[in-house]
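Next come the chains, spelled out residue by residue.
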Amino acid sequence: MAVKDRDRFSTATRIKLLGEQTAARVYRSQTKRQARRSRLTGRAALLALVLCSLIVALAYPIRQYVSQRADIAELERERDQARQRVEQLRDQKARWQDDAYAEQQIRQRLHYVMPGETGYVVIDPDAAKQSRADLGAADRPWYANVWDGVDRADQSGRSARAGAVNQ
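Residues numbered from 1 in each chain as written. Predicted model: local features only at pLDDT ≥ 70, side-chain atom pairs only at ≥ 80, totals over all residues. Heavy atoms only, no water.

**Student:** Quick rundown of the overall build of the protein chain? Include the residues and the values.
**Tutor:** Assigned secondary structure in the protein chain consists of six helices and zero strands. The order of α-helices and β-strands along the protein chain, N terminus first, is α-α-α-α-α-α. When burial is assessed residue by residue, the protein chain has 2% of its 167 residues classed as buried. Within the structure as shown, the protein chain displays about 15700 Å² of accessible surface, and the carbon and sulfur contribution to it stands at 58%. (Helix = DSSP H or I, 4+ residues; strand = E, 2+ residues; numbered from the N terminus. Buried < 20%, exposed > 50% of the residue type's maximum accessible area, 1.4 Å probe, protein only. Areas by Shrake-Rupley, 256 points an atom, 1.4 Å probe, with all protein chains shown as cover.)

**Student:** If you had to explain the pattern of salt bridges to someone new, which residues and values would you point to?
**Tutor:** For the coordinates displayed, the defined rule picks out five salt bridges. In this structure, the salt-bridge partner of Arg90 is Glu87, at a minimum N-O distance of 3.4 Å. Residue Arg90 and its partner Glu87 are located together in helix 3 (residues 42-97), separated by three residues, close to a single helical turn. Looking at Arg90, the relative accessible area reads 53%, which means it is exposed. Relative accessible area serves as the criterion here: at 42%, Glu87 is assigned to the partly exposed category. Through salt bridges with shared partners, a single network forms among Glu103, Arg107 and Glu117. (Salt bridge = Lys/Arg side-chain N within 4 Å of Asp/Glu carboxyl O.)

**Student:** Tell me about unusual backbone geometry, residues and numbers included.
**Tutor:** Backbone geometry places His111, a non-glycine residue, at a positive phi of 60 degrees. Examined against the element boundaries, His111 turns out to sit in the loop between helix 4 (99-110) and helix 5 (125-138). In this structure His111 comes out as exposed when scored by relative accessible area, which is 52%.

**Student:** Run through the confidence of the model for the protein chain, naming residues and quoting values.
**Tutor:** Segments scoring low in pLDDT should not have their predicted coordinates read at a detailed level. Per-residue confidence for the protein chain gives a mean pLDDT of 82, with 77% of residues at or over 70. Per-element confidence in the protein chain ranges from a low mean pLDDT of 55 for helix 1 (residues 2-8) to a high of 95 for helix 3. (pLDDT = per-residue confidence, 0-100.)

**Student:** Hey, could you go over the packing of helix 3 against helix 4 for me, with residue numbers and the actual values?
**Tutor:** Two elements in contact, helix 3 and helix 4, have axes separated by 5 Å at closest approach and are oriented at 95 degrees. Looking at the two axes, helix 3 sits roughly perpendicular to helix 4. Seen from helix 3, the contacting residues are Arg95, Trp96 and Gln97; seen from helix 4, they are Asp99, Tyr101, Ala102, Gln105 and Arg109. Of the residues in the contact of helix 3 with helix 4, the class split is three nonpolar, two polar and three charged. (Axes fitted to C-alpha atoms, helices over the stretch in contact; angles between N-to-C directions. Parallel < 35°, antiparallel > 145°, perpendicular 65-115°, else oblique. Contact = heavy atoms within 4.5 Å. Nonpolar A, V, L, I, M, F, W, Y, C, P; charged D, E, K, R; others polar.)

**Student:** Outline helix 3, supporting the account with residue identities and numerical values.
**Tutor:** Since there are 3.6 residues in each turn of an α-helix, residues three or four apart along the chain are aligned in direction. In this model, helix 3 (56 residues) spans 82 Å end to end at C-alpha, consistent with the 82 Å of a helix rising 1.5 Å per residue. Along helix 3, the largest kink reaches about 35 degrees and is centred on Ala59; proline Pro61 follows within four residues of it. (Expected span 1.5 Å × (residues − 1). Bend = angle between axes of the 7 residues up to and from the residue.)

Right under this line is the structure:
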């Protein structure tokens, strides 16, 4: 036992023990570095770079595809509306081919009457009031009417701008 204690305190044993402790510390620090380094390896960085490149390369074509699909949907909607309008016009054309419908429309729109009938036209009272107001403008000088027109146009322009701002 005395030899063992003496061996424990020898310089060679101490140096050997210090070397082992230092080697253990170095090994622990290397494993910590490797653990940190293993999170992002060169392969992972290359993979991330390739994925980012693919995303950037495909972003514009995908955006174009989506916008073209929206344009196609809009054009299809317009085509359907045009087809509906064509059908309406065909129906209207077919109605105008009928003599009874044409006669009805002529009487209604042009105020025609058949021989022997008496035609009456009922005037809208609001229209008569407005025509009297226009006669009042004829009594004034022409430049006053011009300025009134400019003022009315300016007021309608302001209301249109106010409506655009409110939207």
